[in-house]
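A closer look at the structure
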Amino acid sequence: APKGGGGGGGGGGGSSAAGGMARASKTFGGYDALVIGPPSVLDGSEAAELAVIVLHGLGATKEDFADLPRMLGGEQALAGRRLVYVLPQAPPSPLLGAAWWQINVAAFLAISTASPDSMAKMIREEPVGLSQCREKLQKLCAEVRAFAGG
């Protein structure tokens, strides 16, 4: 049965990836994402058996993990499975490349010379944008689940 249509986002196309995998660009949770999987999963004619969401680190990009499906393709437990990989892109951040939430660079640099009390206070403060990021990632997970057929 065709899978659900959540996630919206652009169709992107079927440029070929290693091992019969296709690539597409889609939007999940408001994040642009690279989606890699069997063409039958990407076009909705089959459901995925497993969806893998990979978040990149500070300053990195979704493309940094684009080879992950190929690298894991030889794993016995994954061989022959219909996996879809979703690689969302964090928003651009001044000075840092890309970040899921705002990083206070001055406070981060000050930690090395801060008193233990000041350090404890800083690490317990919620960074600007973290709660919005949580909400968007929850939405992303729900939309990926619907897209993958689950």
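Preceding block: the structure.
Read on for an overview of the structure. (Residues numbered from 1 in each chain as written. Predicted model: local features only at pLDDT ≥ 70, side-chain atom pairs only at ≥ 80, totals over all residues. Heavy atoms only, no water.)

What follows is about the environment of K62. Its location among the elements puts K62 in the loop between β4 (50-53) and α2 (68-72). You can call K62 buried: its relative accessible area is 13%. Not counting residues up to four positions away in its chain, the partners in contact with K62 are D32, A33, L34, H56, L87, P88 and Q89. (Helix = DSSP H or I, 4+ residues; strand = E, 2+ residues; numbered from the N terminus. Buried < 20%, exposed > 50% of the residue type's maximum accessible area, 1.4 Å probe, protein only. Contact = heavy atoms within 4.5 Å.)

A surface patch of nonpolar side chains, about 520 Å² in accessible area, is lined by L58, W101, I103, F108 and L109. Examined against the element boundaries, W101 turns out to sit in the loop between β7 (97-98) and α3 (105-110). For W101, a relative accessible area of 33% gives the class partly exposed. (Patch = residues over 30% accessible without salt bridge, like charges linked within 9 Å, V, L, I, M, F, W, Y side chains within 5 Å. Areas by Shrake-Rupley, 256 points an atom, 1.4 Å probe, with all protein chains shown as cover. Salt bridge = Lys/Arg side-chain N within 4 Å of Asp/Glu carboxyl O.)

We now examine helix α5 (residues 130-148). Since there are 3.6 residues in each turn of an α-helix, residues three or four apart along the chain are aligned in direction. The terminal C-alpha atoms of α5, which comprises 19 residues, lie 26 Å apart, in line with the 27 Å expected from a rise of 1.5 Å per residue. Of the residues making up α5, those classed as buried are L130, C133, L137, L140, E143, V144, F147 and A148. Looking straight down α5, one finds that the buried residues subtend no more than 135° of arc, so they occupy a single side. Exposed positions of α5 whose direction lies more than 90 degrees from the buried face are E135, Q138 and R145. (Expected span 1.5 Å × (residues − 1). Arc of directions from axis to C-beta.)

Turning next to the nonpolar core. By size, the foremost hydrophobic cluster in this structure holds 20 residues, and its most contacted members are F28, V35, L42 and V84. Of all elements in the fold, only β2 (21-28), β3 (31-37), α1 (39-42), β5 (83-88) and α5 reach the threshold of two or more residues within this core. It is α5 that contributes the most residues to this core, 6 residues altogether. For V35, the residues in contact, after removing those within four places along its chain, are A22, R23, A24, K26, F28, L42, V84, Y85, V86 and F147. Counting 9 residues, the second largest nonpolar core, distinct from the first, contains A66, L68, Y85 and L87. (Core = buried A, V, L, I, M, F, W, Y, C linked by side-chain atoms within 4.5 Å.)

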